[in-house]
Amino acid sequence: MAYTLGGITLPNPKEFKRVQIETASMFTTLNGTLKKDITNRKERFILTFRNLSQTNVTIIVNLWNDQTTKTFQVNESNLTISATTVHIEIENRTYTKGPDYREDLDLILTEVS
């Protein structure tokens, strides 16, 4: 059971969201009917991590630093997402000081169309 990105097992996220992205244009025909022309549909996966060790942060940042697409998949007991090629973004990096620094971040994976 794991979240895998580029063959690397990620720590379990605190929160996981799926967002559907649609590229479309809407227009009104001469008779007044509203039409929608869909040109593309893809998905965005948002993984929110809390209190990551610097080791885990380094693993995630190294995947991002490669500046290439990666394969993302999820195999959990009640959730399966087949291998999907994605672009990687990192947002909202926040540090918490304690005996060692911990970090919160959002990993945003957008499906390549």
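Just above, that's the structure.
Residues numbered from 1 in each chain as written. Predicted model: local features only at pLDDT ≥ 70, side-chain atom pairs only at ≥ 80, totals over all residues. Heavy atoms only, no water.

Trainee: What exactly am I supposed to notice about unusual backbone geometry here?
Mentor: Comment: phi is negative for the bulk of residues other than glycine, and the bulk of peptide bonds are trans. Positive phi, normally seen in glycine, also occurs at Gln-67, with a value near 55°. On the secondary structure map, Gln-67 appears in the loop between α1 (54–65) and β5 (70–75). The backbone of Asn-92 shows a phi angle near 55°, a positive value even though the residue is not glycine. Relative to the elements of secondary structure, Asn-92 occurs in strand β6 (residues 80–96). (Helix = DSSP H or I, 4+ residues; strand = E, 2+ residues; numbered from the N terminus.)

Trainee: When you look at the pattern of salt bridges in this model, what are you seeing that I'm missing?
Mentor: Side chains bearing opposite charge may pair, as long as their charged atoms lie close to each other. Tallying each qualifying case throughout the model produces 7 salt bridges. When the shortest N-O distance is used, the salt bridge between Glu-22 and Lys-36 registers 2.6 Å. Highlighted residues: Glu-22 in strand β3 (residues 15–28) and Lys-36 in strand β4 (residues 34–52), separated in sequence by 14 residues. The class for Glu-22 is partly exposed, based on a relative accessible area of 34%. Accessibility expressed as a relative area gives 47% for Lys-36, which makes it partly exposed. Here Lys-70 ties to Asp-66 by a salt bridge, and the two come within 2.8 Å at their closest N and O atoms. Since its relative accessible area comes to 15%, Lys-70 is described here as buried. In this structure Asp-66 comes out as partly exposed when scored by relative accessible area, which is 44%. Salt bridges sharing partners connect three or more residues here, namely Glu-22, Lys-36 and Arg-41. (Salt bridge = Lys/Arg side-chain N within 4 Å of Asp/Glu carboxyl O. Buried < 20%, exposed > 50% of the residue type's maximum accessible area, 1.4 Å probe, protein only.)

Trainee: Quick question: what am I supposed to make of the pairing of β3 here?
Mentor: Consecutive side chains of a regular strand alternate in pointing toward one face of the sheet and then the other. Two strands pair when backbone bridges link them, and β3 and β4 are joined in this way by 14 bridges, in the antiparallel orientation. Each residue of the ladder has a partner; that of Val-19, found in β4, is Arg-44. In this antiparallel pair of consecutive strands, β3 and β4, the connection spans 5 residues, and Gly-32 shows a positive phi of 95°. (Pairing = 2+ DSSP bridges.)

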